[in-house]
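Below are the chains, spelled out letter by letter.
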Amino acid sequence: MFVVFAVLLSFTLVSKAQEEVEKSEQTYIWSSTGFDRAPTYTEVIGSPYLFEDWRMGIVRLENGKNYDGLKVKFDQLTDQLVFIGDNKKAMDFSMAVKAFDIISFDLEGNKVVYSFINGFPPIDGATEKSFYQVFDPGTSPKIEFVKRVKKVVYERSVYSSAVKEKLIEERTYYYLLMNKRLFKIKLNQKELMKYMQDHKTELNDFVAKNKLTFKSDGDFAEAVKYYNSLN
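This report concerns the structure included in the present document. Owing to the predicted nature of the structure, the values given are computational and were not obtained by experimental measurement.

### Things to note about the overall build of the protein
Thought 1: On a plain count of helices and strands, the protein comes out with four helices and twelve strands.
Thought 2: Here the protein holds 231 residues, and the buried ones make up 37% of them.
Thought 3: Put simply, of all contacts in the protein between residues at least 6 apart along the chain, 48% involve residues at least 24 apart.
Thought 4: Taken as a whole, the protein presents about 14400 Å² of accessible surface, with 54% of it coming from carbon and sulfur.

### What to know about the side chain of Asn 228
Thought 1: In this structure, Asn 228 sits in helix 4 (residues 217-229).
Thought 2: Given the relative accessible area of 6%, Asn 228 is considered buried.
Thought 3: A polar contact of 2.7 Å, which involves the side chain of Asn 228, links it to the backbone oxygen of Ile 143.
Thought 4: Dropping the residues within four chain positions of it, Asn 228 is found in contact with Pro 137, Thr 139, Ser 140, Pro 141, Lys 142 and Ile 143.

### Considering the layout of surface pockets
Thought 1: By volume, the largest pocket amounts to about 220 Å³.
Thought 2: Taken together, 15 residues form the lining of the largest pocket, with Leu 50, Tyr 114, Gln 133, Lys 147 and Asp 217 sitting closest to its centre.
Thought 3: Of all the secondary structure elements, the ones that give two or more residues to the lining of the largest pocket are strand 8 (111-117), strand 9 (132-134) and strand 10 (144-157).
Thought 4: Of all the elements, strand 8 adds the most residues to the lining of the largest pocket, at four residues.

### Notes on helix 4
Thought 1: For helix 4, spanning 13 residues, the distance from its first C-alpha to its last is 19 Å, which sits close to the expected 18 Å at 1.5 Å a residue.
Thought 2: For helix 4, the set of buried residues is Asp 217, Asp 219, Phe 220, Ala 221, Ala 223, Val 224, Tyr 227 and Asn 228.

### Section: the packing of helix 3 (residues 200-209) against helix 4
Thought 1: Where helix 3 meets helix 4, the closest approach of the two axes is 10 Å, and the angle between their N-to-C directions is 140°. Overall, the two elements helix 3 and helix 4 adopt an arrangement that is oblique. Handedness of the helix 3/helix 4 crossing: right-handed. Between helix 3 and helix 4, the residues in contact are Glu 202, Leu 203 and Phe 206 and Glu 222, Ala 223 and Tyr 226, respectively.
Thought 2: Residues belonging to the contact of helix 3 with helix 4 are distributed by class as follows: four nonpolar, no polar and two charged.

### With respect to the pairing of strand 7 (residues 97-105)
Thought 1: Alignment of strand 3 (residues 55-61) against strand 7, held across five bridges, turns out to be antiparallel. Residue pairing in the sheet places Gly 57 in a bridge with Ile 102 of strand 7.
Thought 2: Note: strand 7 against strand 8, seven bridges, orientation antiparallel. Across the sheet, the residue bridging to Phe 100 is Phe 116, located in strand 8.
Thought 3: Between strand 7 and strand 8, which pair antiparallel one after the other, the connecting turn spans five residues, and Gly 109 there sits at a positive phi close to 85°.

Reading the values: rules and limits
Residues numbered from 1 in each chain as written. Predicted model: local features only at pLDDT ≥ 70, side-chain atom pairs only at ≥ 80, totals over all residues. Heavy atoms only, no water. Helix = DSSP H or I, 4+ residues; strand = E, 2+ residues; numbered from the N terminus. Buried < 20%, exposed > 50% of the residue type's maximum accessible area, 1.4 Å probe, protein only. Contact = heavy atoms within 4.5 Å. Areas by Shrake-Rupley, 256 points an atom, 1.4 Å probe, with all protein chains shown as cover. Polar contact = N/O pair within 3.5 Å; in protein donor to acceptor, adjacent residues only side chain to side chain. 1 Å grid on protein atoms, 1.4 Å probe; cavity = no way out; pocket = protein on both sides within 12 Å on 5 of 7 lines; lining within 4 Å. Points joined across faces, edges and corners; volume = space filled by probe spheres on them. Expected span 1.5 Å × (residues − 1). Axes fitted to C-alpha atoms, helices over the stretch in contact; angles between N-to-C directions. Parallel < 35°, antiparallel > 145°, perpendicular 65-115°, else oblique. Left-handed = near helix turned anticlockwise from the far one by under 90°. Nonpolar A, V, L, I, M, F, W, Y, C, P; charged D, E, K, R; others polar. Pairing = 2+ DSSP bridges.

Here it is in structure tokens:
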């Protein structure tokens, strides 16, 4: 009888915890001071997050401490990383976050790591606290390829109605980091070549051989990494 009661109690506690997580997911409740703050994303079309669901992450704080195995979300409206606390609700960090990785998996089940860091020179409305996605530049990089996604809320009128709906819009910026300066670029081969004239022939051969189309971040990152491998 006691065993049955213990199992039922355990099931009830797990169900309650799951219910709290689901409630947090639906209303986007999160806390920055130890108190639950009123949801800010209700009645808004679109997601403020990089990924809507919680994913495993690795976090490095400005004080040098590292945290592995946290369940995190990256809020691209506020440019903040949040995690699931012991109360099963979304919380932010008491210390400033310097860098973090979010671990995901593609459709084939391959592990994909999304890496972010701040500390770049201010540009296009971003500050030194703004997070950029970074890609493997190889060893001793001369150029680094970085990406910033900023989400904003805007209103639009509903047809034949005085009601306005709120939508989340995604704005993407690409840069090359050279000599501690950011240079804004477009995601195409011609734009890249302007900054790599010293190895233009080798780079063109590499692009052709690997059939890079520059329609994805990965193609651009791969080309930059190859350029950095050249003497």
